[in-house]
Amino acid sequence: MKLNTPIVGPILGHTTHNEARIMLAGATGNTTALAVIRYRQTGELKWSTPHFSDLPANDNTTGVVVLTNLQPSMKYTYQAGWCIPASSTRPQDIAFAWPEQEHTFWTVSAESDIKRSYIIGSCRYLNLTANEPVDPQRGDRIFKVMADQNLRTDGLVMVGDQIYADDLNFAFPDRNLSDFLRKYRAAFSQPHIKNIMSNTPTYMILDDHEIEDNWPAKRAPNDDELYNNAMKAYQLYQCSHSPAYTLAPDNTINRKLEHYWYQFTNGNLEWFVTDTRTQRNLSPNDRRLMDHTQEKALTDWLLTSNAKVKFIVTSVMFYPDLKNDGGDAWKSFPEQRNRLLEFIRMNKIKNVVFVSGDVHGSMTSRLTHSEDKDFIVHTIVSSPLCNTTLLPYAKTADFILDRPLTTIGTGSYSLALTSNKVIGTDNFARITVEGNRITVGFFDNTGQNLQPVTIPLV
């Protein structure tokens, strides 16, 4: 049986020293299809037996194949396809004709303190008119630059606004499930993003434009259906291949989802990817971006982690503050931000780096404390991957940089840019951790490094 090339994907998701999750989508229809993947150590001739996963019609013909019992520090080659086998035929009994295209990935190294590199990006705009992408190569070319760097990349971390479901809210708002699914299929099926995501472990978290601008502040009484449809699509296309889902005993994805935030580890680097969008409490008595459970999980992780660098991903800006953030970022939730800062400072937690997007400007900055010379945290902001002419780029003058971020008791938290300025153009960040430093480069869609930055570690 001839296997069809995936319509979306394969997307290489969460990858560890012995496991890889691979998501793909087939053509939509009323029949459950079958995803089929085989792999081998790169350079060897013998392929594994095929691995399967159902692609249910009511899941937009999407699914995730989990590869287990892999070897650490190993490069693998794999092929992926899908088909609709006869109901009377066992998949194991089918002789498949495989697509020609091959993809590769590395499992996580067993060594702890070695060079590791990640790509960070957010806010990728793709306009659809009459259900068709308009000028799609404009939003796709920056992913070609990522691949053309020809560097080993340990992960692609996409920090929010992977789609703009609300781009035409003034006239034709996305409300139906089919609207959201169409956006994902268009965004993730462009050639260069398909290439980078099929060969690079890809981690995603949502922000407001996966639902609606500044959600839930603008939530209307009749928006329950909109939200449920947005999150169903998000679960299928962004969350399904992430560590947010646990594995069942048979090494399939456990479809019971507890929350959208998650953690992952690579050697002596650890990441906590927060959900600062769906758990918001806008009540004046307890304003928060994360609920109590997530906040405690984050502080427990900070306290117990032995990682050399602790990356905290928050799709909205932790700091610095925009002069006008529309009530959407951490600036407008100061009590919870103050608790986290004091927790980090009082427990003397070192090498904490906040990773953000959202603001259509990129920068690095450092936060210090007036009464505690040992306290320091950093932030890396990368946005946008592709802007729309409807929205401006951020500039340095848009941020509050001339006074303390916050004052608690007698001590003040003050910040300073460690990049020369706020970058206002389409870009992504490549961060590399090696030895006692993090190097950051912000690359535009021609491959030019707009501003190299070095962040020292302690």
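Values in this document were obtained by computation on a predicted structure and should not be read as measured data.

Asker: Please provide a residue-by-residue account of the domain arrangement of the protein chain, values included.
Answerer: Here the protein chain is described as being made up of domain 1 (8-106) and domain 2 (116-456). The gap between the C-alpha centroids of domain 1 and domain 2 is 29 Å. On the side of domain 2, 25 residues touch domain 1, which itself brings 28 residues to the contact. Carbon and sulfur atoms supply 55% of the area that domain 1 and domain 2 bury against each other, a total of about 2,300 Å² over both sides. Summed over the three residues of domain 1 that lose the most area to domain 2, namely V8, H14 and R21, the buried surface amounts to 24% of that side. Here domain 1 is connected to domain 2 by 1 salt bridge. For K232, the salt bridge is made with D59, and the minimal N-O distance between the two is 2.9 Å.

Asker: Give a detailed account of the sheet that holds strand β16 (residues 352-356), specifying residues and quantitative values.
Answerer: The 8 strands are arranged β13-β14-β15-β16-β18-β17-β20-β19 in an open sheet whose pairing can be described as mixed. The open sheet has two edge strands, β13 (262-266) and β19 (406-408), and neither has a second partner. Going from strand to strand, the sheet's axes swing by 20° on average, the running direction of each strand aside. For strand β17 (residues 363-369) and strand β20 (residues 411-417), the ladder comprises 5 bridges, and the chain directions are antiparallel. Following the sheet pairing, L367 is matched in β20 by L415. The sheet contacts of helix α6 (residues 334-346) involve β16, β17, β18 (372-381), β19 and β20, and relative to β18 the element is tilted by about 125°.

How each quantity is defined
Residues numbered from 1 in each chain as written. Predicted model: local features only at pLDDT ≥ 70, side-chain atom pairs only at ≥ 80, totals over all residues. Heavy atoms only, no water. Domains from an automatic or database assignment. Contact = heavy atoms within 4.5 Å. Buried area = accessible area lost by both parts, 1.4 Å probe. Salt bridge = Lys/Arg side-chain N within 4 Å of Asp/Glu carboxyl O. Pairing = 2+ DSSP bridges. Helix = DSSP H or I, 4+ residues; strand = E, 2+ residues; numbered from the N terminus. Axes fitted to C-alpha atoms, helices over the stretch in contact; angles between N-to-C directions.

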